[in-house]
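This is what each chain is made of:
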Amino acid sequence: MTKLLWKIGGEAGFGIVTTGQVFAKIINRQGYYTFDYIQYPSLIRGGHNTIDVMVSDEEVTALKKPVDFLVCLNKDTFEFHKERLTPTSVVIFDPTEFTPDGEFVKIAVPFAEILKTNEGQTVMKNTIALGASLAALGLDLEILNTLLEEQFGKKGEPVVNFNKKFAEEGFSHVKKNYSQSIKQLLPKKETGQKLVMSGNEAFSLASVLADCRLYVAYPMTPSSTILTVLASWQEKNGMVVRHAEDEISVINTAIGAAFAGVRASVGTSGGGFALMVESISLAGVTETPIVIFLAERPGPATGMPTWTEQGDLLFAIHAGHGEFPKIVLAPGDMEEMLELGAKAYNLADVYQTPVIVVSDMLLSESHKSVPREFLDRLKADYKVERGKTVSTPTDTKYLRYKVTDDGISERLIPGAKGFFYQANSYEHLEDSHTTEEAGPRTAQVEKRNKKNQTYLKTHFQPPKLYGAKDSKTVFVGWGSVKGAILDAQKILKLKGQETAFVHFTHVYPMNEEIIKPFFPEGKRYILVENNSQAQFGKLLRAETGIDIKEKLLRYDGRPFWSEDIANYLK
Amino acid sequence: MATVQDFSGYTPTWCPGCGDWGIGVAVKTAFSQMGLDPSSLAVVFGIGCSGNMNDFLNAYAIHALHGRAIPNAIGIKIARHNLPVLAIVGDGDCYGEGGNHLVHACRGNHDITVIVHDNGVYGLTTGQVAPTAQKGFKSKSTPGGIIEIPINPLALTITSGATFVAQSFAGDANFTIEMIKLGMKHKGFSLINILQPCVTFNKINTYQYYLQHIYRLPPEYQKNSFTAAVNKAVEMNQEKFPLGVVYESDRPSFTDSIPQLKEKTLFERERFENLESFYPEFL
């Protein structure tokens, strides 16, 4: 089995992340799978940026600690990450800047000199680094050259050739001087087409698939790339993307459009979500469908904007004053983001209530290989379900908030002749007029609450069980910890230890009846969460009575290492 | 054609003598005179005595959160730019809680008509001071007199990019009808600030007070001049209230500037099916 980690680092603002993505695309086109993780500070210039790209011949969901190829675009990259090197690691560096000390394979590439001789800009260091990396991995330049043609083709052949030259310089320097260090590690594999995408890009695609027609947002890391991706696509797919003045305007614009009949969603992180909370309650009482994408980052307040945490689960679940139904989904990887992202729009329409999709920086900004077949199948299977949304009412006397057995009333698209109603933020009668009477109030509260029961019976998906079902050791997690736990299970299995893993994506509402069978007595359950207060553990106990005592928590802004999860069992 | 009666819902619960009665009649009459019916337009109400018109007016409507009517209205307009969309709000609602939305709606020239009930107080919460109250106004929340100077809604919206700014007086229903109709006919963001006596909680800005301080803009007034409009607007700082269209200009509206809305409304267009066309970005 091939499993190697390539890492590049350098000063912020010089295209490190883009370079990592180009590398990942090359590897995917070569027939391999990748998973990457970005580290960057909350500033534009001068900090330290890195991207780790994990490469494997089978699906990969997490990084590993040892770095096999470390490309140092500055000295800091070596200093900050040298503890992850092994004697077989390859370190690429510029000898005019520094020469690393230690036991590993050294490949000196004169980046500065190549730039100077060929009159290149600083950012082209990345292209040299890619050329050098491909040589060291025993690959050729064909795929990189094709990517450069795709990237710069519009600017004309001279620009393409200029960029290719830097790739060639890095490549041939390594070929010529380090032929003994070159191993043919990644021979071409004929596997199906794979797309390299982040969680945010997966949600963007899911939104297009689901026929979302309005996306509204205010930029906030780590959710911003949904705004920029969808904005760049809008003229092609006809969606409208509004960058509003604040998150309150964001969600209220979306609620207005949803009332008017189009699918609408918003995206933000914890701080922006906090501003939306009052309006989530508005969507709840007016029974307006709305999808809210929440990409968590470490709080409180501004916190650590570019790092990761699962710190807003309970906040999301409790968001909004008053009592109303709400559905919270937490995808664990890019495939689940695609599937549940698209499902969220159906649930919002069917239940006429807010649906929150919870992500975090790790899931939102990491990239993973997604097989083309997965997308083809998802697209073929996906149906736009609008539930009881109608353009003409069934009854001649239309009641917007009619009390029904399943809690869901017909939602008339405004404009139907001869009718009118209000989406009323006040408590209301069935016909939508304001009321403060006890009887109708009770009936409407009960009607709204019923949607929870209908959802649990109809659309709720129980957790998935991974690994050895009968194992006495069971990991429990939700959302983005999935990748590291699955990888930890593989590590443990190689060492002869079988484990099970219960992973939740449909995190709220839940019920005891459905969940209890996943937790038979007499096993060791370990709750793994990327926060300090075991929020899912609290939720699970509150909703089902299941109390997991043993917890593995991480809350330093970093995701779990699979090695740490595996070692925890010792 | 729909009549005023067709637009009439519940009997209003406003205090006897409240300026809102005049505005309520003017709104319904304007709709009727424009040939609209309750199914052919969308109205978003704010929270306050003004917003309580939700139950008194028949239309497709959102009774919004306090301060948030404007973004709801913008959302409706983006989805259905062929529908007339109005926001009926109060001064505390629109100039206080939702002030940020007002400024940015002007910038975007969103094609909505915002009708503001400007009475200088928070009537529904029993008379605390509003952002349009004159400096020194004593209320339950400002027993020593308000320290802040009043917001100038005309100057604020004109300088923020609104393309139609008018003012009327709730005591003059016919003039208010005309202003509402002109605002609705205008393509782009329109604001109609309606001076509205609150007979219960504002003993300063009464009908008599306004009759002494208002005047109609003369026919020769150049409403297309930005400088003249700003000069007129700031007269309010001296308690001189011009009535009429203070400013009107021509700039493409938000939805008219979106290429993907050229052919059809966002609601009416076909579903986009070619998801695969985005895949090359990921290869």
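Our structure's up above, just so we're on the same page.
Here the residue index of a chain counts from 1 through its sequence in written order. Here the convention is simple: chains get letters from A, ligands get numbers from 1, in the order in which they are written. Local features in a predicted model are, by the rule used here, given only for residues with pLDDT of at least 70; side-chain atom pairs are given and counted only at 80 or more, and totals for whole chains, interfaces and linings are based on all residues. Values shown for side chains rest on all heavy atoms present in the structure; no hydrogens or waters enter the calculation.

> Could you give an account of empty space enclosed by the protein, naming the residues involved and the relevant values?
Residue and element names in this part refer to chain A. Of the two site types, the cavity is a set of points on a 1 Å grid over the protein atoms alone where a 1.4 Å probe fits but cannot get out, and the pocket is an open set with protein on both sides within 12 Å along at least five of seven lines, each lined by residues with an atom within 4 Å of a point. Grid points are joined across faces, edges and corners, and a volume is the space filled by probe spheres set on the points. Going through the model one piece at a time under the given rule, you end up with seven cavities of 30 Å³ or more. Per-class residue counts for the lining of the largest cavity are eight nonpolar, seven polar and one charged. Approximately 60 Å³ is the volume found for the second largest cavity. What lines the second largest cavity is simply Ala 258, Val 262, Arg 263, Ala 264, Pro 289, Ile 290, Val 291, Tyr 345, Ala 348, Asp 349, Arg 386 and Arg 411. Residues are grouped as follows: Ala, Val, Leu, Ile, Met, Phe, Trp, Tyr, Cys and Pro are nonpolar; Asp, Glu, Lys and Arg are charged; every other residue, Gly included, is polar.

> Describe helix 12 (residues 334-351) of chain A, listing the residues and the values that go with them.
All names here are of chain A. Comment: elements are numbered from the N terminus, with helices defined as DSSP H or I runs of at least four residues and strands as E runs of at least two. A helix's residues, less one, multiplied by 1.5 Å, set its expected span. Between its first and last C-alpha atoms helix 12 spans 25 Å; for 18 residues at 1.5 Å apiece the expected length is 26 Å, and the two agree. Across the 18 residues that make up helix 12, a large majority, 17, are buried. Its side-chain oxygen 3.3 Å from the backbone nitrogen of Glu 335, Asp 333 forms the N-cap of helix 12. Looking one or two places after helix 12, you find Gln 352, whose phi comes out positive at around 50 degrees. For every residue, the accessible area (1.4 Å probe, protein chains only) is compared with the maximum for its type, and the residue is labelled buried under 20%, exposed over 50%, or partly exposed between those bounds. Pairs of N or O atoms are called polar contacts if they sit within 3.5 Å, as long as, within protein, a hydrogen donor faces a hydrogen acceptor (for residues adjacent in sequence, only side-chain-to-side-chain pairs).

> An account of the side chain of Thr499(A) is requested, with residue identities and associated values reported.
All names here are of chain A. Here Thr 499 is to be found in the loop between helix 16 (482-494) and strand 20 (500-504). Its relative accessible area of 2% is what places Thr 499 among the buried residues. It only takes one pair of heavy atoms within 4.5 Å for two residues to be counted as in contact. Leave out the neighbours within four places in its chain, and Thr 499 touches Tyr 466, Gly 467, Ala 468, Ser 471, Thr 473, Phe 475, Gln 489, Leu 492 and Leu 569.

> Before we move on, can you summarise the interface of chain A and chain B with the specific residues and values?
Facing 65 residues of chain A, the contacting portion of chain B comprises 52 residues. Accessible area that two parts lose when put together, with a 1.4 Å probe and added across both, is what the buried area reports. Interface of chain A and chain B: buried area, both sides summed, is about 5300 Å²; carbon and sulfur atoms make up 59% of it. The three residues of chain A that bury the most area against chain B are Arg213(A), Lys379(A) and Phe420(A), which together make up 11% of that side's buried surface. One speaks of a salt bridge when a side-chain nitrogen belonging to Lys or Arg is within 4 Å of a carboxyl oxygen belonging to Asp or Glu. Between chain A and chain B we count two salt bridges in total. Two residues, Lys417(A) and Asp37(B), come together in a salt bridge whose shortest N-O distance is 3.3 Å. Counting across the interface, chain A meets chain B through 34 residue pairs in polar contact (both at pLDDT 80 or more). In terms of residue count, helix 9 (residues 247-259) of chain A provides more of the side of chain A that touches chain B than any other element does, eight residues in total.

> Kindly report on the pattern of salt bridges, identifying the contributing residues and their values.
This structure, assessed with the given rule, holds 42 salt bridges over all chains. For the salt bridge of Glu270(B) with Lys264(B), the shortest nitrogen-to-oxygen distance reads 2.5 Å. A relative accessible area of 52% places Glu270(B) in the exposed class. What emerges from the salt-bridge pattern is a single network uniting Arg263(A), Asp349(A), Arg386(A) and Arg411(A).

> Outline the pairing of strand 9 (residues 240-243) of chain A, supporting the account with residue identities and numerical values.
All names here are of chain A. Taken together, the four bridges between strand 8 (residues 214-217) and strand 9 define a ladder with parallel strand orientation. Its bridge partner lying in strand 9, Val 216 is registered against Arg 242. When the strands point away from the viewer, a crossover counts as right-handed if the path from the first strand over the helix to the second runs clockwise. Following the chain from strand 8 across helix 8 (residues 224-237) to the adjacent parallel strand 9, one finds a crossover that is right-handed. The criterion for strand pairing is that DSSP finds at least two bridges linking the strands in question.

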